[in-house]
Amino acid sequence: MLVTEILKQKGGAVFSIAPDEPLSAACAQLDEKRVGALVVCRDDKVVGVISERDVVRAVARGGREALDRPVADHMTPDVVFADPSETVGDLMNRMTDRRIRHLPVLFDGRLTGVVSIGDVVKCQIDEATREAESLRTYIAAG
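Residues numbered from 1 in each chain as written. Predicted model: local features only at pLDDT ≥ 70, side-chain atom pairs only at ≥ 80, totals over all residues. Heavy atoms only, no water.

**Q** Help me understand the overall build of the chain in this model?
**A** From N to C terminus, the chain includes 5 helices and 5 strands. In terms of its C-alpha atoms, the chain occupies a principal-axis envelope of roughly 65 × 35 × 30 Å. Split into buried and exposed, the 142 residues of the chain put 34% on the buried side. Expressed as a percentage of contacts within the chain between residues at least 6 apart in sequence, the contacts between residues at least 24 apart total 53%. For the chain, the exposed surface amounts to about 8800 Å²; the carbon and sulfur share of it is 51%. The chain carries 19 positive and 23 negative side-chain charges, and their two centres are separated by 3 Å. (Helix = DSSP H or I, 4+ residues; strand = E, 2+ residues; numbered from the N terminus. Buried < 20%, exposed > 50% of the residue type's maximum accessible area, 1.4 Å probe, protein only. Contact = heavy atoms within 4.5 Å. Areas by Shrake-Rupley, 256 points an atom, 1.4 Å probe, with all protein chains shown as cover. Lys, Arg positive; Asp, Glu negative; His and termini not counted. Charge placed at Lys NZ, Arg CZ, Asp CG, Glu CD.)

**Q** Got a minute to help me understand the nonpolar core in this structure?
**A** Side chains of nonpolar character tend, in soluble globular proteins, to be buried together. Core analysis: the largest hydrophobic core is formed by 14 residues, its most contacted members being I17, L23, A26, V40, I50 and V71. Residue assignment for this core shows that the elements contributing at least two residues are α2 (23-33), β2 (37-42), β3 (45-51) and α3 (52-62). Per-element tally for this core: the top contributor is α2, with 3 residues. If we ignore the near neighbours within four places in the chain, the residues touching I17 are A25, A26, Q29, L38, V39, V40, C41, I50 and V71. The next biggest cluster of nonpolar side chains, apart from the first, holds 13 residues, and it includes A82, V115, V120 and C123. (Core = buried A, V, L, I, M, F, W, Y, C linked by side-chain atoms within 4.5 Å.)

**Q** Could you clarify how one ought to interpret the pattern of salt bridges in this entry?
**A** Working definition: two side chains of opposite charge can pair if their charged atoms are close together. Considering all chains together, one arrives at 8 salt bridges under this definition. Between E32 and K33 there is a salt bridge whose closest N-O contact spans 3.6 Å. Relative accessible area serves as the criterion here: at 58%, E32 is assigned to the exposed category. Across the pair E133 and R136 runs a salt bridge whose closest N-O atoms are separated by 3.0 Å. Residue E133 and its partner R136 are located together in helix α5 (residues 117-141), separated by 3 residues, close to a single helical turn. (Salt bridge = Lys/Arg side-chain N within 4 Å of Asp/Glu carboxyl O.)

Right, dumping it as structure tokens:
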């Protein structure tokens, strides 16, 4: 399955935040949107990703005061992107190798979605279920 197909199923909604917003605003949005990461954008340019993991690290190192600091101080600035034409296998390898859970998807330099590790796992489970059902049907017919 390709990234394009995952985005068709889940939709292309992207939740983002500006780098100068306080970390507390990112926490509120992560909670409200029920997502594990936000894409950090300045105008139309992706400048980072802020994840739950980044928030935990910020609070562990900086205490309560970290929540008042800008997202830019705590985000991951080296964003790893996915391409719509990539396969789920490609994403699994990259996510595992880089130890990341969210990949913003770029198409022609434009942000078109975000794929999470949960999306990848769901895709793999769906594919295994389809294969098992296909085998059951084949065996029952034979």
